[in-house]
Amino acid sequence: MRVLHVITGLGVGGAEQQLRLLLRHLPMRCDVLTLTNPGPVADGLRADGVRVVHLGMRGNRDLGALPRLARFVRRGGYDLVHTHLYRACLYGRIAARLAGVGAVVATEHSLGDGEIEGRPLSAGVRRLYLAGERLGSATVAVSDTVAARLAAWGVPAGRVHVVPNGIEAARFRFDAGVRRATRARTGLPERAFVVGGVGRLVPGKRFDALVRAVAALPGAHLLLAGDGPERAALRALAAELGAQHRIHLVGERDPLGEDGGRAPGIPQLLAAMDVFVSASREEAFGLAVVEALAAGLPVLHVTCPAVDDLPAAQAPGARRIGTGDEELLAALRGHMEAGASRLPVPPVVRHYDVARSAERLLDVYRLALHGAGTAPLRTAARAAGEPEPGSGAAADAVPAPARPAAAGRPPHALAGRAPGRPGNGPRPGSGSAPGPRPGPDTGPPRPGGGPARPGNG
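Note that this is a predicted model, so its numbers are computed, not measured.

**Considering the nonpolar core**
Then, number 1: With 50 residues, the main nonpolar core has Leu150, Leu223, Leu270, Met273, Phe276 and Leu293 as its most contacted residues.
Then, number 2: If you list the elements that add at least two residues to this core, you get α5 (123-133), α6 (144-153), β9 (160-162), β11 (220-225), α10 (266-272), α11 (287-294), α12 (305-308) and α14 (347-351).
Then, number 3: If one sorts the elements of this core by residue count, α11 sits on top with six residues.
Then, number 4: Among residues more than four places away in sequence, those in contact with Leu150 are Glu108, Leu111, Tyr129, Thr139, Ala141, Val155 and Val160.

**Description of empty space enclosed by the protein**
To locate leftover empty space, one rolls a probe as large as a water molecule over the atoms.
Then, number 1: Following the criterion strictly, the structure yields six cavities of 30 Å³ or more and no others.
Then, number 2: Taken as a whole, the largest cavity spans an internal volume of roughly 600 Å³.
Then, number 3: Lining the largest cavity are 38 residues, and of these Gly13, Gly14, Val198, Gly199 and Ala288 sit closest to its centre.
Then, number 4: Going through the elements one at a time, α1 (14-25), β13 (275-278) and α11 are the ones with two or more residues in the lining of the largest cavity.
Then, number 5: The leading source of residues in the lining of the largest cavity is α1, at five residues.
Then, number 6: Looking at side-chain class alone, the lining of the largest cavity contains 17 nonpolar, 14 polar and seven charged residues.

**A word on the pattern of salt bridges**
Then, number 1: Applying the stated rule across the entire model yields 17 salt bridges.
Then, number 2: Between Asp48 and Arg24 there is a salt bridge; the shortest N-O distance is 3.1 Å. A residue pair is termed long-range when its members are at least 10 positions apart, and Asp48 in the loop between α2 (40-47) and β3 (51-54) and Arg24 in helix α1 qualify at 24 residues.
Then, number 3: Salt-bridge contacts for Glu168 lead to Arg171; the nearest nitrogen and oxygen are separated by 2.5 Å.
Then, number 4: Residues joined in a network through salt bridges with shared partners are Arg20, Arg24, Asp48, Glu168, Arg171 and Glu258.

**Some points on the packing of aromatic side chains**
Then, number 1: In this structure the tally under the stated criterion is four aromatic pairs.
Then, number 2: Between Tyr86 and Tyr129, the ring centres sit 6.4 Å apart and the planes meet at 25°, which makes this aromatic pair stacked. Of this pair, Tyr86 sits in helix α4 (residues 86-98) while Tyr129 sits in helix α5; the two residues are 43 residues apart in sequence, bridging distant segments of the chain. There is no split in this pair, since Tyr86 and Tyr129 are both buried.
Then, number 3: On the numbers, 5.2 Å between centres and 90° between planes, the contact of Tyr129 with Trp153 is edge-to-face.

**A word on the packing of helix α8 (residues 207-215) against helix α13 (residues 325-338)**
Then, number 1: In contact at an axis separation of 9 Å, α8 and α13 are set at 55° when each is read in the N-to-C sense. In terms of their interaxial angle, α8 and α13 are classed as oblique. Every pair of crossing elements has a handedness; the one defined by α8 and α13 is right-handed. Residues Ala209, Leu210, Arg212 and Ala213 of α8 form the contact with α13, whose own contacting residues are Asp325, Leu328, Leu329 and Leu332.
Then, number 2: Residue composition of the contact of α8 with α13, grouped by class: six nonpolar, no polar and two charged.

Rules used throughout
- Residues numbered from 1 in each chain as written.
- Predicted model: local features only at pLDDT ≥ 70, side-chain atom pairs only at ≥ 80, totals over all residues.
- Heavy atoms only, no water.
- Core = buried A, V, L, I, M, F, W, Y, C linked by side-chain atoms within 4.5 Å.
- Buried < 20%, exposed > 50% of the residue type's maximum accessible area, 1.4 Å probe, protein only.
- Helix = DSSP H or I, 4+ residues; strand = E, 2+ residues; numbered from the N terminus.
- Contact = heavy atoms within 4.5 Å.
- 1 Å grid on protein atoms, 1.4 Å probe; cavity = no way out; pocket = protein on both sides within 12 Å on 5 of 7 lines; lining within 4 Å.
- Points joined across faces, edges and corners; volume = space filled by probe spheres on them.
- Nonpolar A, V, L, I, M, F, W, Y, C, P; charged D, E, K, R; others polar.
- Salt bridge = Lys/Arg side-chain N within 4 Å of Asp/Glu carboxyl O.
- Phe/Tyr/Trp six-rings, centres within 6.5 Å; stacked < 30°, edge-to-face > 60°.
- Axes fitted to C-alpha atoms, helices over the stretch in contact; angles between N-to-C directions.
- Parallel < 35°, antiparallel > 145°, perpendicular 65-115°, else oblique.
- Left-handed = near helix turned anticlockwise from the far one by under 90°.

The following block contains the structure:
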């Protein structure tokens, strides 16, 4: 069983990091091809033993990339192609079909009501998306909210399957010693009240609302992890409000905290915070909120499908607020007056365990392979002739196709399968795909044309 993951870019972002986590829990060997920008996540994947290939795509309209991608898929002999993010989904589905691969899965990581990957939707983008979607075997939505949006677009419900994003919760477990050390390294007073946020510094994240709210709370500090085009504007706003010494923009940080201690990663920064805020008006999932809850933080959010799609009892530490500055300020003042305290890790965190997400994705793979008439899904261990837990004669049969998850309803339960295991050992021959010499990286796609820019999942 050979699987190729095609993604638009591998800079720091939610979709990119989610791919890395999933590969650690999928029980077969996978290769990754990035159309552009083999950034920090590419380095992390290689460190995990995953083969990463850079296609060197020059832009959204680099049509020459399509035959190069199709040749790469054909020569690789892949049984299944899995695409991620808009440009990769469009080019990857076409290339897989040209290469004769019948099992094609795509994950929709970042679809909002009026945006896709942080950019405005248009009728042309929607038509192109739907035309490409028909070339696939199945479309994965990262939340029930995204599944409902796809259904509203006209994607048949039977083609949509909900596979939520997942986290490794143990990474975010609160540690008082880590809190003290991180505050010292970040320049935060040990006893200060610290508001936190994580994400790309783009207008849609509304980090300016956090700057204004914290500036109005004497003694409070704001800790923001992420980078993007709004960085200079946020610094200027902090200076205008006389709060520049209390606003800490620390830039991109390792989402897994695995950089060898060179700088505190996201798990360590969450330990240094007292309350987490997600002020975005639109989200496809809300991974940062789930990570903050795993760290025991109280959370204020405007929208977060990961929480909003579940019963309130699953995330008692999360409070939904409106978009008004006064409501955010009042909520933060209440937390500040109550004093810092850590909360028990809520049930929602266990619900989004990444191993569980990997099992659900395997269900979708089985369905896609069944529909393509492809040989059964086999793990790397079985492909090498090694025994695996729970194996037997029946294990060679293709299971009955999984029931698609209808929009607005949680996906079906999984049972009776051995847990996923890392299987991404080093592969020989990693390098660039065949074709012309790669041009300059342009970053992930801007649907509908124009300069490409990095996006979040």
